[in-house]
Amino acid sequence: MPDASPSSEGLTEELRARIVAAGPVTVADYMAAANAHYYATRDPLGLAGDFVTAPEISQMFGELVGAALADAWARAGCPADAIFAELGPGRGTLAADALRVMRRAGFAGHVHFVETSPALREAQAKAVPGAHFHDNIEALPPRPLLLVANEFFDALPVDQWVGDEQRRIAHDGTRFAFTVDGPIRETSPARDAAAAALAAHLARHGGAAIIIDYGYAGGETGDTLQAVRGHAFADVLDRPGEADLTAHVDFLALGKAASACVVSRVVSQGSWLETLGIGPRASALAARNPEQTQAIAAARRRLCDEAEMGRLFKIIALRHPDWPAIAGLEP
Ligand code: SAH
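Residues numbered from 1 in each chain as written. Predicted model: local features only at pLDDT ≥ 70, side-chain atom pairs only at ≥ 80, totals over all residues. Heavy atoms only, no water.

Caption draft 1: Quick peek at the side chain of R167. Looking at where R167 falls in the secondary structure, it is placed in the loop between β7 (165–166) and β8 (168–171). Within the local environment of R167, its side chain forms a polar contact with the backbone oxygen of V180, the two atoms lying 2.8 Å apart. Setting aside residues up to four positions removed in sequence, R167 forms contacts with T26, V27, Q160, W161, F178, T179, V180, D181, I184 and D223. (Helix = DSSP H or I, 4+ residues; strand = E, 2+ residues; numbered from the N terminus. Polar contact = N/O pair within 3.5 Å; in protein donor to acceptor, adjacent residues only side chain to side chain. Contact = heavy atoms within 4.5 Å.)

Caption draft 2: The arrangement of the sheet that holds strand β13 (residues 232–234) in detail. A sheet is described by the order of its strands in space; here three strands give the open sequence β13-β12-β14, paired in antiparallel fashion. Of all the strands in the sheet, just β13 and β14 (244–246) have a single pairing partner and so form its edges. Averaged over all pairs of adjacent strands, the angle between their axes in this sheet comes to 40°, without regard to strand direction. Pairing between strand β12 (residues 226–229) and β13: three bridges, direction antiparallel. Note that in β13 the partner of A227 across the bridge is A234. (Pairing = 2+ DSSP bridges. Axes fitted to C-alpha atoms, helices over the stretch in contact; angles between N-to-C directions.)

Caption draft 3: The arrangement of the nonpolar core in detail. Counting 48 residues, the largest nonpolar core has V65, F84, I210, W272, L303 and I326 as its most contacted members. Sort the elements by how many residues they give to this core and helix α4 (residues 59–75) lands first, with nine residues. Counting 28 residues, the second-largest nonpolar core is a separate cluster that includes L140, F152, F153 and L318. (Core = buried A, V, L, I, M, F, W, Y, C linked by side-chain atoms within 4.5 Å. Buried < 20%, exposed > 50% of the residue type's maximum accessible area, 1.4 Å probe, protein only.)

Caption draft 4: The arrangement of the site of the ligand in detail. Close contacts around the ligand come from 16 residues, with T53, G88, G90, E115 and N150 the closest. Within the side chain of T116, an N or O atom sits 3.4 Å from a nitrogen atom of the ligand. Starting from 570 Å² of accessible surface for the ligand in isolation, the protein chains cover 90%. When grouped by side-chain class, the residues that make up the shell around the ligand number seven nonpolar, six polar and three charged. (Near = heavy atom within 4 Å. Areas by Shrake-Rupley, 256 points an atom, 1.4 Å probe, with all protein chains shown as cover. Nonpolar A, V, L, I, M, F, W, Y, C, P; charged D, E, K, R; others polar.)

Caption draft 5: Focus on the pairing of β8. Side-chain alternation along β8 places I169 and H171 on a buried face and R168 and A170 on a face that remains uncovered. The pairing of strand β1 (residues 25–26) with β8 spans two bridges and is classified as antiparallel. By the bridge assignment for β8, T26 is matched with R168. Between the end of β8 and the start of strand β9 (residues 176–178), which pair antiparallel, lie four residues, with G173 showing a positive phi angle near 100°.

Caption draft 6: Region of the structure containing the sheet that holds β9. Spatial strand order, β1-β8-β9: three strands in an open sheet with antiparallel pairing. Each end of this open sheet is capped by a strand with a single partner; those strands are β1 and β9. In this sheet, β9 lies alongside β8 in antiparallel orientation, the contact comprising three bridges. In the strand pairing of β9, H171 is matched with F176.

Caption draft 7: Structural context of the environment of L146. The residue L146 is located in strand β5 (residues 145–150) in this model. On the basis of relative accessibility, which here comes to 0%, the residue L146 falls in the buried class. Between the C-alpha atoms of L146 and R311, which are 165 residues apart in sequence, the distance is 25 Å. Residue contacts for L146: discarding those within four places in its chain leaves L69, W73, A82, I83, F84, A85, M102, F107, A208 and W323.

Caption draft 8: Expanded view of helix α11 (residues 293–304). Compared with the 16 Å implied by 1.5 Å per residue over 12 residues, the 17 Å span of α11 between its first and last C-alpha is a close match. For α11, the complete set of buried residues consists of I296, A299, L303 and C304. Angularly, the buried residues of α11 cover 115° about the axis, an arc narrow enough to put them on a single face. Turning to α11, the residues buried within the fold contact α3 (54–57), α4, α9 (269–276), α10 (278–288) and α12 (306–310). (Expected span 1.5 Å × (residues − 1). Arc of directions from axis to C-beta.)

Caption draft 9: Spotlight on the packing of α9 against α11. At a minimum axis separation of 7 Å, α9 and α11 run at an interaxial angle of 130°. Classed by the angle they form, the pair α9 and α11 counts as oblique. Across from Q269, G270, L273 and E274 in α9, the residues of α11 making contact are R300, L303 and C304. The class makeup of the residues in the contact of α9 with α11 is three nonpolar, two polar and two charged. (Parallel < 35°, antiparallel > 145°, perpendicular 65-115°, else oblique.)

Caption draft 10: Region of interest: the packing of helix α1 (residues 9–22) against helix α2 (residues 27–40). One way to put it is that α1 packs onto α2 with a least axis distance of 11 Å and a crossing angle of 160°. Considering their axes alone, α1 and α2 lie roughly antiparallel with respect to each other. Remark: the crossing between α1 and α2 carries right-handed chirality. Contact residues: L11, L15 and R18 in α1; D29, Y30, A33, A34 and H37 in α2. Its residues assigned to classes, the contact of α1 with α2 comprises five nonpolar, one polar and two charged. (Left-handed = near helix turned anticlockwise from the far one by under 90°.)

Keep in mind these numbers describe shape, not what the thing actually does.
The following block contains the structure:
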């Protein structure tokens with residue numbers, strides 16, 4: 001999709017004026033302002049955009065997520081009041097693929113999306129007609145959830161710290177610059193709040209959630225903030241609002257913030273998809289589309305191989321204590 005946004009100069013000027021008036025901004029404030037502009041003004045996904053996500057690589061990804069959610073729903077006794085929900089659904093591709101499988105399994109519940117970008121809401125409404133939209137997790141209806149979030153948490157703002165000093169972003173009249181350098185530690189009150197809100201909903205109303213993102217499970221530290229534009233890394237401080245800003249997800253912190261419900265172990269994307277049967281699914285797809293055999297095998301490798309997305313991307317599940325564990329994420 002062509003970039004229909006006004007230039008990001010407005011945002012750069014707004015941030016500069018804010019810094020002149022009130023001093024350097026936190027990394028989280030900068031990231032929040034940049035990403036709000038970025039997502040509101042374009043569809044960033046796909047070859048013509050800035051980055052490609054797992055559901056855009058192959059339908060197998062959303063289908064296996066849908067199979068895992070449908071299985072949990074069936075083992076929970078097929079509650080008729082459960083809804084399908086997604087956080088940051090992008091183009092709606094994952095939801096459309098997952099729902100195809102879930103409908104076949106008898107799930108007839110409504111669809112609810114948490115999405116702030118008007119441009120992406122439009123694409124999502126086309127992919128999944130009848131979907132309901134919300135600005136935040138707290139606004140989801142009081143029903144059991146079958147929820148998925150892929151590459152949602154990585155886009156939420158992080159703060160950075162050097163020792164006890166919070167790293168901020170200043171402006172020297174020409175360009176943005178960090179106020180301090182050194183060994184960096186990251187925290188994310190925004191992610192903690194989203195995870196806590198999701199866990200509170202699950203604990204109160206039931207259901208299960210699958211969270212997929214790139215990140216670490218062992219409490220590593222370091223600077224993981226990155227900018228991606230046109231499928232290449234860019235300077236985080238150059239033209240805010242014109243690149244996708246993300247940071248690795250700390251799954252340990254996410255699990256802690258979600259302690260109101262049952263939190264699964266963390267599994268790598270590659271091993272989870274293999275456990276769920278991406279092999280047989282790839283074979284079945286290739287049998288029906290022999291001319292796509294190579295492409296299907298390549299997509300599986302991209303999603304599962306350790307050197308590709310297989311190890312960096314990880315899965316964690318949250319659930320109400322009376323709901324069954326998501327397949328492949330049992331304790
Ligand atoms: N899940 C999709 C898209 C990932 S991109 C996929 O896998 O292809 C991140 C998504 O999160 C986009 O849809 C973006 O608009 C949305 N998003 C980012 N920050 C958000 C916020 N604070 N609240 C709601 N949605 C947000």
